[in-house]
Amino acid sequence: MSAYHRLGESSTSSDSDDDFPSSSPYPPSRLSARSARAHHALRLLRQYPVPLTCLAVLSLLALYQSLRPTSSSSPADPKRVREDFAGLPLLAFPNGTRYHHPSPPTSPDPWPSRPELAQLLLAVDSPSSSASNPPVEAFDLPGEYEAAADTVWAQARAGWEDAGLNRGEGFDARGRPLTVPREVLYDGKAAGWVSHTPGEPLFLPPVQHPSTQSDQRTPAQKKQDEERKEWVRRAFRHVWGRYKARAWGYDELRPLSGGQTNAFNGWGATVFDALDTLLLMGLKDDYLHARRHIAAVDFSYTTPRNPIWYPAPANASLPSLGVLRKKTDKLEENIHASPAGVPTFETIIRYLGSLLSAYDLTHDPLLLARARELGDWLLPSFSTSSGLLVPTYRLGAHSDGGPLGEVCLAEVGSVGLEMLRLSQVTGDERYWEAAQRSLDTLDRWPATDRLKGLFPTTFDVQNKHTLWGRYTFGGQADSYYEYLLKLYQLLGGAPSSPAPATSSPSEPPAAQYRRMYTAAVDSAHEHLIRPIRVVPGLEGAVAIGDVSYKVEERGKRASWYSMRLDHLTCFAGGMLGLGARLFGREKDMDTAIAFTKACTWAYDGTRTGLAPETMELWAEGNPHRFKSVRLEDGSVAKTVRGDPPGAYASDNRHISRPETAESVWYMYRLTGDRKYQDIAWRMFTSWVAATINKGGFSHIDDVNVDRPTQDDGGIESFVYAETLKYYFLIFSPPDFMSLDDWVFSTEAHPFRVRKPGSSASPASSDLTPFWSSSDPPLTMPPASKVGLGTPVQKWARMIQAASMKGWIGPAQAQAQRET
Ligand code: DMJ
C-alpha cells in the first residue's frame, strides 16, 4: 500500500491545491542562476559537438524511462522525478499522523508490551515509589563542624557589611530586612506614584463549561478516568520516591546517576514546588515530611550550585577533608559572595508560589509565616527607579532606587499574582503595591517601543526609543500576558463597563489588567497568530509565531515573521480560552481551540509521540516546501517536505515541559469535550514510555527517533509542580479544583479566587479542602526552631568552614603532594 494518499481522501479536509501557490517554483535568483548554467552548456556544446550530442541523447532516453508510466510496484526515486510542482496533485500523509501512539487502553495497563513499566517502575509498591521519608536529620554535623560553620557565617556577614550590603538597623541577624517601609520601595520614583487599592471583588462570569460544573460522568467514564488518574499518581510517586531516596533537600535529582543539582538557591526547589501536588494527590504523610524541610530552610543562605563540591557524607561520617581540597577554591569564592544573587522571578514562582498555594489548600500557619519571610527578603528587589525588580538579586541588598539596564519581560512582568496573593492572605498591601508599580511602569511604556500591547522579550529600561527585539507569546515573554489575565481573576473582576483605551487615575486595577490583556491579545491576532496551511491534514489549526525586528544600516528597520510551534508558547491555548470566558471574547476561544490543536499535533506527529522544544514550519509562500513523489501507478504528485510534514527544522529535545498538557486541561474544563482526555492520555503514555528509567524521568535528545537518548540533566521541579499535576487534574472529576474557584499560577500553583460577596482572606474563609480536622494538627513551630538550615545547607557550610579554618588548605595540600 502506498505511504501516501490523496489529500482529502480520508479526511474531512476542505484544503485544496488552491492553498498552495502554483506560480514558478523558483525565486528570481534561482532563475538567473539557471540561465547562466544554460549559457555555459551551449558554450560546451559548441566546443565538443559529437560526444555531447551522444550524451544528451542518452540522457533524454534515461529521462523518458524514468518518467514513463510503469506498472512497477516500487515508487521511483523521488530525486529523479520532475520538480515542476505546478498542477501536480497534492498528497498528504495519512491523517497527517504517521506514527502509532498508545490509544485508550482496553485493559488498565497502558503498557502491556513493556511490563517493566507497569510492574517494576510504576507498581504501587515498587521500590522506587515506596521509598520511605528520609529523616530530616539525615546528616547532622558533629559539634566542632557546626562551630566552624558558625565562624564562617560570621565572617561572611562581616564581608557583607564591608560591602555595604547589610543596612544594619532594621535587619535581623541573618541580614533579612525586618520590615520594608513603603518609602523604601518607592525610592527613585520621580514623582507621585499613586498607590491603588485593590478593591472588592465585583463580577466574574462562570468559566467552566456547564457540563463540567458538576460531575456528570457515567460510571464507565468514571472508571476509565480513575484508572488513568492512578497511573499518573504512580508516575508521580515513582519520581518523588527517587528524589526522596537520592536527592532530598537538593533542588533537583539527576535520574541516571542519582546525583543532585542546586540550580535554584539550594533550598530544595523540588520539595517546595511539589507541596500542593502532594496535597492534591492525597499524599499527606509526604506533605508532613516536606513541611519539616520547609521549616528548616535558611533563606539567608544560598547553597553553592554544584553539589560535587560538597558530596554528601556516607553514613553520616565525615569524609577525609583532603579529598575535598581541590574543590575549595570555588567554595571560598562562594562564601565571600554569599548570599549569592537569587533568580528573583524563579524564586517567586517556584518557592513563594508553592508556599502560598499549599497555604490556601491547608491553612498551615508555618507556610504563611515562611511565605511572609520570603516576601520580605525579596521586597527590596523592587526598589529600583522604574519599580521593575532586579532580575538577579543579592538577598539583603537594597537597590536604593537605582536604574536597571536590560531586562527580560517575563522576569520583570510576571510576579504580580504571587505578590497579590501574599498581600491578600497577610493583609499587608506592600507586596502587591510593589508588583503593581512594575505593571504601571509597563502600562506607561512609550508606544514607539512596542507593538501596541506586545512587548519585546528583552528591553532596555533606560532607553525607551527603539522598536526592536522579538515579540512572542513564548519563552521570556509568556507569563507576562498570562498574569495580566489571572490578576484580573484573582482580584475578583472589575466593573463590566467597556475598558477605556488608556489608563486613568481612577481606573480600578482589575480594569487596568483587562485593558492591558485585551490590547496584547488584539495585537497578537494582528501580528503573531496565523492559520497553518502548510501541513496536510492539519486543517483549522493556527500557530502563534514570533515577530522579530532589527535596526539595519542607516536606521532602517527590518522585521520578519517566524511561523513556529514553540513548546513554551503552548500554554497560550489555556490562557486564550480562560480570557475568552472571563471577557466574553468568543473569537479567542476559537483561537484557543485551534492553537491547542496545533500543539497536540506537534506531539502526534513524531515517532515518540512527544513534541520537540521548537518546530519551525514552512512559510506558505515558499515553494521549496514541496517534493515530488512517484506513486505506484506511475503518476507523479507533490507532497510536503518535513518530518513531520510541514516542519523544516526543529530543536528536537524534550524536557518534560507542561505547557501543552496545561492547555489540554483548560480546553477540557472550558469546552466539556472529553476528546481532550484521550489526547492527554496519548501524551502522558508517550511521555512515560520515552522518558522513564529507574531513577525517574529523563530529558530526551530527539523526539523523532525510535530510541531517543535519555540524559542525566536534573529533573526540573516543574515536572512535579506542573506536568504531572495537569495530567492528574485532567483525569480528576471535572469539578475538582474548578477553574471558577482557583486560579493557577504560571508554575501551576492554585490560589483561591475571591468571589463577589466573600473574601479569601484567612480570617473570613474557613475552607481548607485538603486538611481536615481529622488530620494531624498543623501548628506553628517555635520561631527559634525555624530557619536553622537544612542538612544540605549545613553540610555545604561545614565544608566552607573547613576551608576557611584552614583544615583544607596549603598545609594539607603540601602534605598530600608529599605522600
Ligand atoms: C515553568 O517554570 C513556568 O511555567 C514558567 O513560566 C515557564 N515555563 C516553565 C516550564 O516550562
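Here the residue index of a chain counts from 1 through its sequence in written order. Given that this is a predicted model, residues contribute local features only at a pLDDT of at least 70 and side-chain atom pairs are listed and counted only at 80 or more, while totals for whole chains, interfaces and linings are drawn from all residues. Side-chain measures were taken over the full set of non-hydrogen atoms in the model, leaving aside hydrogen atoms and water.

**Some words on the confidence of the model for the protein**
So, step 1. Per-residue confidence from the prediction method is given by pLDDT, with values spanning 0 to 100. Confidence along the protein averages 80 in pLDDT terms, with 71% of residues attaining 70 or more.
So, step 2. When checking whether two residues touch, look at their non-hydrogen atoms; a contact exists if any pair is within 4.5 Å. The model gives residues 759–765 a pLDDT under 50, and that stretch makes 13 contacts with residues more than four places away or in other chains.

**A closer look at the nonpolar core**
So, step 1. Phe473, Tyr481, Ile532, Leu617 and Phe684 are the most contacted members of the largest nonpolar core, which has 190 residues in total.
So, step 2. Examining the composition of this core, we find that 10 residues originate from one element, helix α10 (residues 344–362), more than from any other.
So, step 3. Among residues more than four places away in sequence, those in contact with phenylalanine 473 are Leu454, Asp478, Tyr481, Val521, Ala524, Leu528, Ile544, Leu568, Thr569, Phe571, Ala572 and Met575.
So, step 4. Trp309, Tyr310, Met798 and Ile799 belong to the second-largest nonpolar core, a separate cluster that totals 9 residues. We define a nonpolar core as any set of buried Ala, Val, Leu, Ile, Met, Phe, Trp, Tyr and Cys residues linked to one another through side-chain atoms lying within 4.5 Å. Only protein chains enter the area calculation, which uses a 1.4 Å probe; residues under 20% of their type maximum are buried, those over 50% are exposed, and those in between are partly exposed. Numbering of helices and strands starts at the N terminus; helices are DSSP runs of H or I of at least 4 residues and strands are runs of E of at least 2.

**Focus on the sheet that holds strand β18 (residues 647–651)**
So, step 1. Only strands that DSSP links by at least two bridges are regarded as paired with each other. Strand order in the open sheet formed by 3 strands is β14-β15-β18, with antiparallel pairing between adjacent strands. The sheet terminates laterally at β14 (564–566) and β18, the two strands that pair on one side only. Each strand of the sheet is rotated relative to its neighbour by a mean of 15°, with strand direction disregarded.
So, step 2. Here 4 bridges tie strand β15 (residues 614–617) to β18, and the two strands are oriented antiparallel to one another. Bridge pairing in β18 places methionine 615 opposite serine 650.
So, step 3. Its contacts with the sheet place helix α18 (residues 586–604) against β14 and β15, and it is angled at close to 75° to β14. Between N-to-C directions, angles cover 0 to 180 degrees, with each direction set by a line fitted to C-alpha atoms, over the stretch in contact for helices.

**Let's talk about the sheet that holds strand β9 (residues 469–471)**
So, step 1. Judged by pairing direction, the sheet is antiparallel, and its 3 strands sit side by side in the order β9-β12-β13 without closing on themselves. Whereas interior strands pair on both sides, the edge strands pair on one side only; in this sheet they are β9 and β13 (557–562). Mean inter-strand twist for the sheet, computed between neighbouring axes without regard to direction, equals 20°.
So, step 2. Alignment of β9 against strand β12 (residues 546–551), held across 3 bridges, turns out to be antiparallel. The residue bridging arginine 470 from the neighbouring strand is serine 548, located in β12.

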